[in-house]
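Observations on chain architecture
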Amino acid sequence: MDKSFIRVWEEKDVKEIEPYLLIVGEVMGDCAKCKEVGLDYGAAKECPKCKTVFRYITSREATSSKPGRFTLIRRIHFKRPDLIFIDYDDYKSASGHSRAKSIFND
Ligand SMILES: [Zn+2]
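Here the structure is a predicted model, which means the values were calculated and not measured. (Residues numbered from 1 in each chain as written. Predicted model: local features only at pLDDT ≥ 70, side-chain atom pairs only at ≥ 80, totals over all residues. Heavy atoms only, no water.)

Focus on the coordination of the zinc ion
For the record, the criterion: Only nitrogen, oxygen and sulfur atoms qualify as donors, provided they sit within 2.8 Å of the metal or within 3.2 Å for Na, K and Ca; with water excluded from the atoms, sites may seem incomplete. Any site counts as irregular unless it has four donors with all angles between 85 and 135 degrees, making it tetrahedral, or four or six donors with opposite ones more than 155 degrees apart and the rest between 65 and 115, making it square planar or octahedral. Three exposure classes are used, based on accessible area relative to the maximum for each residue type with a 1.4 Å probe and protein chains only: buried under 20%, partly exposed in between, and exposed over 50%.
Around the zinc ion, the donor atoms from the protein are C31 (SG), C34 (SG), C47 (SG) and C50 (SG), and they sit 2.3 Å away. The coordination sphere of the zinc ion comprises four donor atoms, whose angles at the metal cover 107 to 112°; the geometry is tetrahedral. The motif formed by the donor residues of the zinc ion, counted along the single chain, is C-x2-C-x12-C-x2-C. A relative accessible area of 22% places C34 in the partly exposed class.

Thoughts on the packing of aromatic side chains
Each aromatic ring pair is specified by the distance between its two centres and by the angle formed by the two planes. Threshold: Whether two aromatic rings pair depends on their centres lying within 6.5 Å, for rings of Phe, Tyr and Trp, where Trp uses its six-membered ring; planes under 30 degrees apart make the pair stacked, over 60 edge-to-face, and the rest tilted. Helix and strand labels come from DSSP, where a helix needs a run of H or I of at least four residues and a strand needs a run of E of at least two; each type is numbered from the N terminus. For a Lys NZ or an Arg CZ to count as sitting over a ring, it must be within 6 Å of the ring centre and within 35 degrees of the ring normal.
Applying the stated criterion to the full structure yields two aromatic pairs. When the ring of F5 is compared with that of F78, the centres are 6.4 Å apart and the planes differ by 75°; the resulting orientation is edge-to-face. Within this pair, whereas F5 is found in the segment before α1 (14-17), its partner F78 is found in helix α2 (residues 69-79), the two being separated by 73 residues in sequence. Under the relative-accessibility criterion, F78 is labelled exposed at 57%. Ring plane angle 50° and centroid distance 6.2 Å describe the contact between Y88 and Y91, whose orientation is recorded as tilted. Residue Y88 and its partner Y91 are located together in helix α3 (residues 88-105), separated by three residues, close to a single helical turn. Classification of Y88 as buried rests on a relative accessible area of 10%. Given the relative accessible area of 5%, Y91 is considered buried. Directly above the aromatic system of Y20 lies the positively charged group of R55, at a separation of 3.8 Å from the ring centroid.

And the structure:
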């Protein structure tokens, strides 16, 4: 089978992603829900602190401005095929919107 990466755009509520999101940094991962750092993103099924079970993954290093982002995304995907890769730029922009909205609603 000849598989390729094809980006799929879906309408999602960032509040449904963030509590299950593992964010990969340069070396380690962190939990988007409780901000716990130093997670082994290649192995962590859940956050050791808040016990959230991860469903999504993204990487701070895989922004559109970085060269080589597709190599990195591919590497992360093959390490964690059980998680759905979320575009970091989309996530940041959506979580920024969501934060701004909740400030105005308070
Ligand atoms: Zn956590």
